[in-house]
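Overview (structure and organization)
For reference, the chains in residue letters:
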2 protein chains.
Amino acid sequence: MSTVGFRQHDHTHCVHTALAQAEAKCKTRRLQFTPVRRRVLEILLEKHRAMGAYDILGILSAEGLGSQPPVAYRALDFLVQNGFVHRIEQLNAYAACAHPTHDHVPAFLICRSCKAVAETETELTQGRLGAAASTSGFQIERVVVEAEGLCPECVGELP
Amino acid sequence: MSTVGFRQHDHTHCVHTALAQAEAKCKTRRLQFTPVRRRVLEILLEKHRAMGAYDILGILSAEGLGSQPPVAYRALDFLVQNGFVHRIEQLNAYAACAHPTHDHVPAFLICRSCKAVAETETELTQGRLGAAASTSGFQIERVVVEAEGLCPECVGELP
DNA sequence: TTGAAAAATGTAATAACATATCATCTTGGA
DNA sequence: TCCAAGATGATATGTTATTACATTTTTCAA
Ligand SMILES: [Zn+2]
Ligand SMILES: [Zn+2]
Ligand SMILES: [Zn+2]
Ligand SMILES: [Zn+2]
């Protein structure tokens, strides 16, 4: 399954594929897939977990791609804006999108022990939240859904 | 309806009621409902909106109840831990619980224009998220559900 | 009642996360 | 070619949150 990413896998191939897809999408939309933007996405794809802006900045800095916070935040804003990366609100962190080929409402499973993050999908106006919104006349534009708990690896090893 | 709080109302009475309920609950559970904790909850009930820790600290400080960040964060941690207050992840802010009398999974509707916040409820493992969790063996302990959009007041007045 | 343990508070310092501003350079298109 | 929009460089600052340790207060059982 591609919906949940807790199992180990080799992803040198999928990093390449995702970068190529991102590049193509940018070309289509006439967006500039600049070196910093490309590298930030690549870092997030390679690490395959949520990373803070300053973690990413540290890597960029070591590579001579920029050392000040705006460098990282600008690249991340671009990637989030265009759906290549999601922001995880609970962690103040960022993760590469696992389903970049189609529009979706991301939802996350976040392990409180090992910090692994898996992305799945949800609906914009599911269940009671959607009902409450339409009852009150609230117009939902974006939904943050983030579940915290224990991943399969950690669930056996902790209280 | 009590589920959605976008309509105007007078709540001097409900502040008193909520404080009394909190006090009773603390007595039952043998928790210390100290002056700072009480006052922080009262502030959040009175303002009836999401507030940052430093907003609250400013008020506490003006009243001589403490001037350093840990004062506010400790009180907020206590109130969140015990279900009197919820943290709004998207806003890095806190709001008094609207349904303190029973256990629930809070969900929020957040107006991006006026910053009003309404609390409703949801299920711990709704829809696809729950399905993905059980498929992968992830054990959900807490869910953050926060919808961003336009409240009834603002939906007519903005693009 | 009293004394040890647990909980809460006071205080200082610092860490972590994020944005504002303005100058300069690059890119894409008329 | 030249302009305008977009991207980057660089400095400073703003905002949110935690660590650490000393002191006081509360709890609870001997
Ligand atoms: Zn995604
Ligand atoms: Zn784990
Ligand atoms: Zn609540
Ligand atoms: Zn509004």
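You'll find chain A entered in an unreviewed UniProt entry as Zinc uptake regulation protein, with Ruegeria denitrificans given as the organism. Looking at the Sequence similarities (unreviewed entry) heading of the UniProt record, one finds this comment for chain A: "Belongs to the Fur family."

Once that is clear, we can look at helix 5 (residues 127-136) of chain A. Those residues of helix 5 of chain A that fall on the buried side of the exposure criterion are L129(A), G130(A), A132(A), A133(A) and S136(A). Each buried residue of helix 5 of chain A lies within a common arc of 160° when the element is viewed along its axis, so the set occupies one face. Those residues of helix 5 of chain A that are exposed and angled more than 90 degrees off the buried face are G127(A), S134(A) and T135(A). Looking at the buried positions of helix 5 of chain A, the neighbouring elements they touch are strand 5 (139-150) of chain A together with strand 3 (105-111), strand 4 (117-122), strand 5 (139-150) and helix 6 (152-155) of chain B. Backbone geometry just downstream of helix 5 of chain A places G137(A) in the positive-phi region, at approximately 85°.

All right, on to the coordination of the zinc ion (ligand 2) then. Residues and elements named next belong to chain A. In this structure, C111 (SG), C114 (SG), C151 (SG) and C154 (SG) serve as the protein donors to the zinc ion (ligand 2), at separations of 2.2 to 2.4 Å. Coordination at the zinc ion (ligand 2) comes from four donor atoms whose angles at the metal span 108 to 112°, giving a geometry best classed as tetrahedral. Overall, C114 belongs to the partly exposed group, its relative accessible area being 39%. Accessibility expressed as a relative area gives 1% for C151, which makes it buried.

Residue and element names in this part refer to chain B. Within the protein, the zinc ion (ligand 3) binds to H86 (NE2), C97 (SG), H104 (NE2) and E119 (OE); these donor distances fall in the range 1.9 to 2.2 Å. One chain supplies every donor for the zinc ion (ligand 3), spaced along it as H-x10-C-x6-H-x14-E. Among the residues examined, C97 registers a relative accessible area of 6% and is labelled buried.

This part takes up the relation of the copies chain B and chain A. Once chain B has been moved 0.1 Å along the axis and rotated by 179°, it coincides with chain A to within an RMSD of 0.1 Å. On the angle and the small slide along the axis, the relation comes out as a two-fold axis. In terms of proximity to the rotation axis, the leading residue of chain B is V145(B), whose C-alpha is 2.4 Å off the axis. Of the residues that chain B buries at the interface, 100% are likewise interface residues in chain A, meaning the two copies contact each other through the same surface.

Moving on, we come to the interface of chain B and chain A. Contacts between the two partners involve 37 residues from chain B and, on the opposite side, 37 residues from chain A. The junction of chain B with chain A conceals about 3,300 Å² of combined surface from both sides, 57% of it contributed by carbon and sulfur atoms. Our count for the contact surface shared by chain B and chain A stands at eight salt bridges. For E123(B), the salt bridge identified is with R128(A), shortest N-O distance 2.8 Å. Put simply, chain B and chain A have 14 residue pairs in polar contact (both at pLDDT 80 or more) between them. When contributions to the side of chain B that touches chain A are tallied by element, the ones reaching two or more residues are strand 3, strand 4, helix 5 (127-136), strand 5 and helix 6 of chain B. If one sorts the elements of the side of chain B that touches chain A by residue count, strand 5 of chain B sits on top with 12 residues. Class assignment of the residues belonging to the side of chain B that touches chain A gives a composition of 20 nonpolar, eight polar and nine charged.

What counts as what
Residues numbered from 1 in each chain as written. Chains lettered and ligands numbered in written order. Predicted model: local features only at pLDDT ≥ 70, side-chain atom pairs only at ≥ 80, totals over all residues. Heavy atoms only, no water. UniProt positions renumbered as here; feature names shortened; annotations may be inferred. Buried < 20%, exposed > 50% of the residue type's maximum accessible area, 1.4 Å probe, protein only. Helix = DSSP H or I, 4+ residues; strand = E, 2+ residues; numbered from the N terminus. Arc of directions from axis to C-beta. Contact = heavy atoms within 4.5 Å. Donors = N, O, S within 2.8 Å, 3.2 Å for Na, K, Ca; no water. Tetrahedral: all angles 85-135°; square planar, octahedral: opposite > 155°, others 65-115°. Least-squares fit on C-alpha atoms with pLDDT ≥ 70 in both. Buried area = accessible area lost by both parts, 1.4 Å probe. Salt bridge = Lys/Arg side-chain N within 4 Å of Asp/Glu carboxyl O. Polar contact = N/O pair within 3.5 Å; in protein donor to acceptor, adjacent residues only side chain to side chain. Nonpolar A, V, L, I, M, F, W, Y, C, P; charged D, E, K, R; others polar.

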